[in-house]
Amino acid sequence: MGYHLGFLFFALFTMLVLGVPIAVSLAGACLMFVLITGQVPNIVIAHRMINGIDSFPLLAIPFFIFAGSLMNNGGITERIFNFAKALMGWMRGGLGHVNVGASIVFSGMSGAAVADAGGLGMIEVKAMKDAGYDEEFAVGITAASSTIGPIIPPSLPMVIYGVMASASVGQLFAAGLIPGLLMGVMLMLMIFIISRRRGYQRDAVFSMRVLGHTFKRAFLSLMTPVIIVGGIITGAFTPTEAAVAAVFYALILGVVVYRTLTWRKLLKVSMETIETTAVILLIVSSASIFAWILTSNQVTQNVIALMGPFADSKLAVLMMANIVLIIVGCFMETIAAITILVPVLLPMAVAVGVDPVHFGVIMVLNLMIGLLTPPVGMVLYVLSRVSNVSFERCMRGTIPFLIPLVICLLLVTFIPAISMWLPTLIYR
């Protein structure tokens, strides 16, 4: 059986290197494993794929994607950016701080880093370039701040992790709130340091009149994260129901209030949502076969046994998990990495006393940093396209902001209270 499992990993790795889509690679490698071993009938592959996506929390995925796209196309992002500029533009390196503040607000709506980078990113980079900021600095802070999106609720990666780990999505959402705000504070500290070194000045004079005007224009938009996050935390509705509420609210704002959503835009957004959801669910269903094979063949237990003395140390397991996740994040898309690694890493973490909710925040934060690193670096590719800045320059501009993100990761990893205080207060 050891040879067969070795073949499974070899086949998966080979197909990924050859550029085969991740869902096809997972399902194909698992199908070859089943055919070679003859342990179970081939039809089990189809059964496991169906069971893998037969989960109520997964219904939140298409609705959160749809809500984020509606907000990007409905003029909501621009109102949020203008309000953030009036609120924070008076600080040194003002538009950098505005960038982070707008991302924190928008993160309470979209739940995806790529949506943040593609929606707000275009507005933020253009505004910073027009104000005289260096292009690399503008793209770097935009890329780094977009990673806050999947940490602060709602979060698509947290939903996927919750399903794979059989953990409470509501607790995961609550656990991400304080780490997400901590990421924002750490990034703003780095902006202040760079701004002093490069001589960046304030971009606006603080004015209560302007702040009041922009707040009034953005008020209904700002209520979106309040409705979503507040509803989940207070128990008014489940994360899935919150996603549906977000869609209805975004439709009301775009169609009735702001009147910026046309039928053509709605059709475009709907087709994009269907396509993105299909890709994600195909990955999840394929990964469920992979997870089932690993579990049924006791791969995790064997890995723990091989680790020997390290398996008894929480510090060693967390450090090893961080290293593995950072490396994998450089090469693999977030959803795929979660679905593949949860069955391997989570049992080891739980065995040494790590809470699954705490580990979920650690995993997602690691993989968000991976979105900023080559060769995959999805956020960098998106920003390179929308800002007309080369991928290499985007990567160079992002490097300084990896420092506060890594510091934040270490704090969240080794001080569990940062992520666990809020869910403990609300749910336990």
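Higher on the page you've got the structure.
First, a word on what this report is: a plain description of the structure on this page. (Residues numbered from 1 in each chain as written. Predicted model: local features only at pLDDT ≥ 70, side-chain atom pairs only at ≥ 80, totals over all residues. Heavy atoms only, no water.)

**Some details on the packing of aromatic side chains**
- Applying the stated criterion across every chain yields a total of 5 aromatic pairs.
- Consider the rings of Tyr133 and Phe137, whose centres lie 5.9 Å apart with planes at 15 degrees: the pair is stacked.
- Relative accessible area serves as the criterion here: at 2%, Phe137 is assigned to the buried category.
- Relative to Phe401, the ring of Phe137 lies with its centre 5.9 Å away and its plane at 50 degrees, an arrangement referred to as tilted. Taken together, the residues span a long stretch of sequence, with Phe137 in helix H8 (residues 135-146) and Phe401 in helix H19 (residues 391-414) at a distance of 264 residues. Like Phe401, Phe137 is buried. (Phe/Tyr/Trp six-rings, centres within 6.5 Å; stacked < 30°, edge-to-face > 60°. Buried < 20%, exposed > 50% of the residue type's maximum accessible area, 1.4 Å probe, protein only. Helix = DSSP H or I, 4+ residues; strand = E, 2+ residues; numbered from the N terminus.)

**Notes on the nonpolar core**
- Membership of the largest hydrophobic core comes to 131 residues, with the highest contact counts inside it found for Tyr161, Phe359, Met363 and Phe401.
- Broken down by element, this core gets its largest block of residues, 12 residues, from helix H16 (residues 334-351).
- Setting aside its immediate chain neighbours within four residues, Met363 contacts Tyr161, Leu325, Ile338, Leu341, Val342 and Leu345.
- One finds Phe83, Leu211, Ala218 and Leu222 within the second-largest nonpolar core, a separate group that totals 5 residues. (Core = buried A, V, L, I, M, F, W, Y, C linked by side-chain atoms within 4.5 Å. Contact = heavy atoms within 4.5 Å.)

**What about helix H9 (residues 156-165)?**
- Counting buried positions along H9 yields 9 of 10 residues, so the element is predominantly enclosed.
- Where H9 is concerned, the buried positions are Leu156, Pro157, Met158, Val159, Ile160, Tyr161, Gly162, Val163 and Ala165.
- Where H9 is buried, its residues touch helix H4 (60-73), helix H10 (169-198), helix H13 (263-296), H16 and helix H17 (356-370).
- Ser166 occupies a position one or two residues after H9 and carries a positive phi of about 55 degrees.

**Some remarks on the environment of Cys408**
- Among the structural elements, Cys408 can be located in helix H19.
- For Cys408, a relative accessible area of 0% puts it in the buried group.
- If near-sequence neighbours (up to four positions away) are discounted, Cys408 is found in contact with Pro179, Leu182, Met183, Met186 and Leu365.

**Comments concerning the packing of H10 against H19**
- Contact pair H10 / H19: the axes reach a minimum separation of 9 Å and the direction vectors enclose 145 degrees. For the pair H10 and H19, the crossing hand works out as right-handed. Across the interface between the two elements, Pro179, Leu182, Met183, Met186, Leu187, Met190, Ile191 and Ile194 from H10 touch Pro400, Phe401, Ile403, Pro404, Leu405, Ile407, Cys408, Leu411 and Val412 from H19.
- A class-by-class count of the residues in the contact of H10 with H19 yields 17 nonpolar, no polar and no charged. (Axes fitted to C-alpha atoms, helices over the stretch in contact; angles between N-to-C directions. Left-handed = near helix turned anticlockwise from the far one by under 90°. Nonpolar A, V, L, I, M, F, W, Y, C, P; charged D, E, K, R; others polar.)

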